[in-house]
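If you want the building blocks of each chain, they are given just below.
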Amino acid sequence: MAALNGMPCLDIPLGIAMDPQMPSWGKSGYVRRPKSSVTHPGTHTRWWTQSQRCMPAPAGTKPSPTSSPGPSPDILKSPLIIFVMGGPGCGKGTQCKNMATKYGFCHMGLGQLLRQEAQRSTRWGQKIHDIMLQGLLVPTGIILDTISNAMLSRPESQGFLINGFPRELRQAKEFERIVGRAPDVVIVFDCSMETMVRRALHRGRLEHRADDCESAIRQRLETYYTLYLGRSSSREHFCQVLLGR
Ligand code: ADP
């Protein structure tokens, strides 16, 4: 295990066999090397945890015009919040499903939630559909609404795996403002561009996912490499910022 400025960080192969104590990681900042083997060749994950949660945003913080006023943060204070990040086709959806099953967490696949929204014949549904088809980012206000609605609909959940979030720092800052705290854990999936493209194209053929076509994949990769990877001095630094350090 490597330490990043006191923050535990671990390079682990996918097919994660997390310790059953995992829900306490966020509180203790403790990470244990998993025992299982790689089930997703070509991808590795990195975990960052925090031992301290962020303070709620100061009273009187000016709300952003794009975001919702936000839910009552009270019921969201205790569950574990895990951000899951990675490029298109890196395997984050598959592994989130595994983790949700194994640990009883609520899996919030943003792409999936947005695809459901995009099927509705409302003005927003059509707009989301068009944006996704181009491989662009859906406006942050819609993303935060989607997340907070999904979280509030599962108040009993011990933990939330927020898959595909954030795609840029601004989203994380908005999340913290609305929910009142930073995530407990950030998981980043490391995967080569060639593997991601190959998998996404394959998935597009298999699942008839309209945005898994070449042009949209190219755009999503560009967003991933510029907004997320490109704008921070290092990935470690980006994750530290997400964790509110
Ligand atoms: P992938 O990770 O392969 O791009 P997803 O299913 O996670 O696939 O996302 C599909 C699309 O949903 C994205 O291209 C984007 O348009 C939209 N989307 C998902 N998550 C976000 C987010 N956090 N912010 C903005 N748009 C998002």
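In this text the structure is predicted, and so the values were computed from the model without any measurement.

**Student:** Got a minute to help me understand the overall build of the chain in this structure?
**Tutor:** Secondary structure assignment for the chain yields 9 helices and 7 strands. The burial tally for the chain puts 51% of its 245 residues in the buried class. Taking contacts inside the chain between residues at least 6 apart in sequence as the whole, the part at least 24 apart equals 77%. For the chain, the accessible surface area stands at approximately 12,000 Å², while carbon and sulfur atoms represent 54% of it.

**Student:** Explain the packing of aromatic side chains here, please?
**Tutor:** A ring pair, where both rings are aromatic, is described by two values, the distance of the centres and the angle of the planes. Under the criterion given, the structure shown has 5 aromatic pairs. Between the aromatic rings of F83 and F165, the centroid separation amounts to 5.0 Å while the plane-to-plane angle is 80°, which identifies the pairing as edge-to-face. Linking F83 in strand β4 (residues 80-85) with F165 in the loop between β6 (159-163) and α6 (169-179), this pair joins segments that are 82 residues apart in sequence. Taken as a pair, F83 and F165 share a single burial class, namely buried. Ring geometry for F165 and F175: centres 5.7 Å apart, planes at 50°, overall tilted. With F165 in the loop between β6 and α6 and F175 in helix α6, the pair connects residues that are 10 residues apart, well separated along the chain. The same class applies to F165 and to F175, which are both buried.

**Student:** I tried to follow the layout of surface pockets on my own but got confused; where do I start?
**Tutor:** The gaps of empty space that remain are located by a probe, the size of a water molecule, rolled over the atoms. Taken as a whole, the largest pocket encloses approximately 960 Å³ of empty space. Along the walls of the largest pocket sit 40 residues, with G111, Q112, R115, R203 and R209 positioned nearest its centre. Counting only elements with at least two residues in the lining of the largest pocket, the list comes to α2 (92-103), β5 (106-109), α3 (110-118), α5 (140-152) and α7 (193-207). Ranked by residues supplied to the lining of the largest pocket, first place goes to α3 with 7 residues. Residue composition of the lining of the largest pocket, by class: 15 nonpolar, 15 polar and 10 charged.

**Student:** What exactly am I supposed to notice about the pairing of β6 here?
**Tutor:** Put simply, side chains in a regular strand alternate between the two faces of the sheet. The element β6 is extensively covered by neighbouring structure, given that 5 of its 5 residues are classed as buried. What you see with β6 is no split at all: G159, L161 and N163 on one side and F160 and I162 on the other are buried throughout. Pairing between β4 and β6: 5 bridges, direction parallel. The partner of I81 across the bridge, within β6, is F160. In terms of strand pairing, β5 meets β6 through 4 bridges, oriented parallel. For M108, the partnering residue across the bridge sits in β6 and is I162.

**Student:** Sorry, what's going on with the nonpolar core here?
**Tutor:** Burial of nonpolar side chains together is a common tendency in soluble globular proteins. The biggest cluster of nonpolar side chains holds 52 residues, and the ones touching the most others in it are F83, I147, M151, I162, F165 and F175. Excluding its chain neighbours within four sequence positions, the residues that come into contact with I147 are M108, L110, I162, F165 and F175.

Reading the values: the criteria
- Residues numbered from 1 in each chain as written.
- Predicted model: local features only at pLDDT ≥ 70, side-chain atom pairs only at ≥ 80, totals over all residues.
- Heavy atoms only, no water.
- Helix = DSSP H or I, 4+ residues; strand = E, 2+ residues; numbered from the N terminus.
- Buried < 20%, exposed > 50% of the residue type's maximum accessible area, 1.4 Å probe, protein only.
- Contact = heavy atoms within 4.5 Å.
- Areas by Shrake-Rupley, 256 points an atom, 1.4 Å probe, with all protein chains shown as cover.
- Phe/Tyr/Trp six-rings, centres within 6.5 Å; stacked < 30°, edge-to-face > 60°.
- 1 Å grid on protein atoms, 1.4 Å probe; cavity = no way out; pocket = protein on both sides within 12 Å on 5 of 7 lines; lining within 4 Å.
- Points joined across faces, edges and corners; volume = space filled by probe spheres on them.
- Nonpolar A, V, L, I, M, F, W, Y, C, P; charged D, E, K, R; others polar.
- Pairing = 2+ DSSP bridges.
- Core = buried A, V, L, I, M, F, W, Y, C linked by side-chain atoms within 4.5 Å.

As far as function goes, none of this settles anything; it's purely spatial.
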